[in-house]
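Chains, contacts and geometry: an overview
Residues per chain are reported as follows:
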Amino acid sequence: MLPQVLSLDRLCLGGLWSEAGYRREFDSPNSDLLALWYQEDPMVQAQLLGFVCLWAIVEEAHITLLAVHPRYRRQGMGQALLWAALQSAHDRGLERATLEVEADNLPAQQLYKKFGFREIGRRRNYYPKTGGDAIILWNNRLHKPDFATLLEKWYQTADAQLASAAWQLTPLLHKRS
Ligand SMILES: CC(C)(COP(=O)(O)OP(=O)(O)OC[C@H]1O[C@@H](n2cnc3c(N)ncnc32)[C@H](O)[C@@H]1OP(=O)(O)O)[C@@H](O)C(=O)NCCC(=O)NCCS
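Presented here is an overview of the structure given in this document. In this text, all values refer to a predicted model and were calculated from it rather than measured experimentally.

Taken together, the side chains of W55, I57 and V58 present a nonpolar region at the surface, about 290 Å² in accessible area. By the secondary structure assignment, V58 is in the loop between β2 (47-57) and β3 (60-68). We classify V58 as exposed; its relative accessible area is 73%.

In structure tokens:
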């Protein structure tokens, strides 16, 4: 599992975390690493399609990474993963979710806005490799009474989009926490 995670990290995130970093995530009770795997043939190793990670810090969910393999984008996997992270945060009783996204990363920003994230600030020249700004996004509604309904709606949307691309969400989703 770990080699595939590292390989997808290098491909999508430029090698954000080391092997030791991921091992820490696997071992931490405050961290959820959720992944989408596909196994067509039981004799062949499952393929990692995407992953998301969150840290539970006091009452906050910090979404630290999210990536979908380039070959499988625009099919609903990003939505499925973000739904899974927010569902997990909700299940943990967390009240808010936050993340940082590079200012020129419009696909990711579109995705986060669909899930109720709103910009509350910027960190100038935050990303060392590009010099890009980080936009800080928050969703403060995880503890509100209507959030479970929103989660269900997002699940249905992601599920329908994956189904139209001939994927089935439930068997794909594996939780490692
Ligand atoms: C951001 C990312 C996870 C989206 O994954 P995905 O599987 O393509 O996402 P989905 O198919 O579920 O798309 C969900 C929504 O995101 C937005 N979106 C995704 N790709 C987009 C693009 N290229 N242009 C504009 N909007 C886009 C759309 O609103 C889309 O909804 P729609 O298909 O109904 O229009 C993926 O592009 C990725 O891995 N990027 C590289 C890593 C990264 O930037 N991670 C985020 C770091 S903060």
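Attention shifts here to the site of the ligand. The full set close to the ligand counts 22 residues, and L66, V68, R74, N105 and K114 are the nearest of them. Here Q75 contributes a backbone N or O atom positioned 3.1 Å from an oxygen atom of the ligand. Between the ligand and Q161 there is a distance of 3.3 Å, counted from an oxygen atom to a side-chain nitrogen or oxygen. In isolation the ligand has 910 Å² of accessible area, and contact with the protein removes 78% of it. Among the elements of the structure, α1 (2-13), β3, α3 (77-91), β4 (96-102) and α4 (106-114) are those that each provide at least two residues to the shell around the ligand. Here the shell around the ligand takes 6 residues from α4, the largest share from any one element. Class assignment for the residues of the shell around the ligand results in 11 nonpolar, 7 polar and 4 charged.

Pairing is possible between side chains that carry opposite charge, provided their charged atoms lie close to one another. Using the criterion set out here, one finds 10 salt bridges in the structure. R92 is the salt-bridge partner of D32, the closest N and O atoms lying 2.9 Å from each other. Of the two residues, D32 is situated in strand β1 (residues 31-38) and R92 in the loop between α3 and β4; the sequence distance between them amounts to 60 residues. Residue R92 is classed as partly exposed on the basis of its relative accessible area of 32%. For E100, the salt bridge goes to R123, with nearest N and O atoms at 2.9 Å.

Here Q79 lies in helix α3. When its relative accessible area of 9% is taken as the criterion, Q79 is described as buried. Put simply, Q79 and Q161 are 82 residues apart on the chain and 9.1 Å apart in space, counted from C-alpha to C-alpha. For Q79, the residues in contact, after removing those within four places along its chain, are L111, F115, T157, A158 and Q161. A distance of 2.7 Å separates the side chain of Q79 from the side chain of Q161, its partner in a polar contact.

Another aspect to go through is the side chain of E25. Looking at where E25 falls in the secondary structure, it is placed in helix α2 (residues 19-27). Salt bridges are absent for the buried E25, whose nearest opposite-charge side chain, R24, sits at 5.7 Å. Each residue touching E25, except ones within four places of it in the same chain, is listed here: W17, S31, C53 and W55.

A separate point is the packing of aromatic side chains. Taken as a whole and assessed by the stated rule, the structure comprises 10 aromatic pairs. Relative to W167, the ring of Y72 lies with its centre 5.7 Å away and its plane at 85 degrees, an arrangement referred to as edge-to-face. Of the two residues, Y72 is situated in the loop between β3 and α3 and W167 in the loop between α5 (147-164) and α6 (169-172); the sequence distance between them amounts to 95 residues. Of the two residues, Y72 and W167, neither departs from the other in class, the shared state being buried. Aromatic side chains F147 and W154 sit 5.6 Å apart centroid to centroid with 75 degrees between the ring planes, which places their arrangement in the edge-to-face category.

Rules of the game
- Residues numbered from 1 in each chain as written.
- Predicted model: local features only at pLDDT ≥ 70, side-chain atom pairs only at ≥ 80, totals over all residues.
- Heavy atoms only, no water.
- Patch = residues over 30% accessible without salt bridge, like charges linked within 9 Å, V, L, I, M, F, W, Y side chains within 5 Å.
- Areas by Shrake-Rupley, 256 points an atom, 1.4 Å probe, with all protein chains shown as cover.
- Salt bridge = Lys/Arg side-chain N within 4 Å of Asp/Glu carboxyl O.
- Helix = DSSP H or I, 4+ residues; strand = E, 2+ residues; numbered from the N terminus.
- Buried < 20%, exposed > 50% of the residue type's maximum accessible area, 1.4 Å probe, protein only.
- Near = heavy atom within 4 Å.
- Polar contact = N/O pair within 3.5 Å; in protein donor to acceptor, adjacent residues only side chain to side chain.
- Nonpolar A, V, L, I, M, F, W, Y, C, P; charged D, E, K, R; others polar.
- Contact = heavy atoms within 4.5 Å.
- Lys, Arg positive; Asp, Glu negative; His and termini not counted.
- Phe/Tyr/Trp six-rings, centres within 6.5 Å; stacked < 30°, edge-to-face > 60°.

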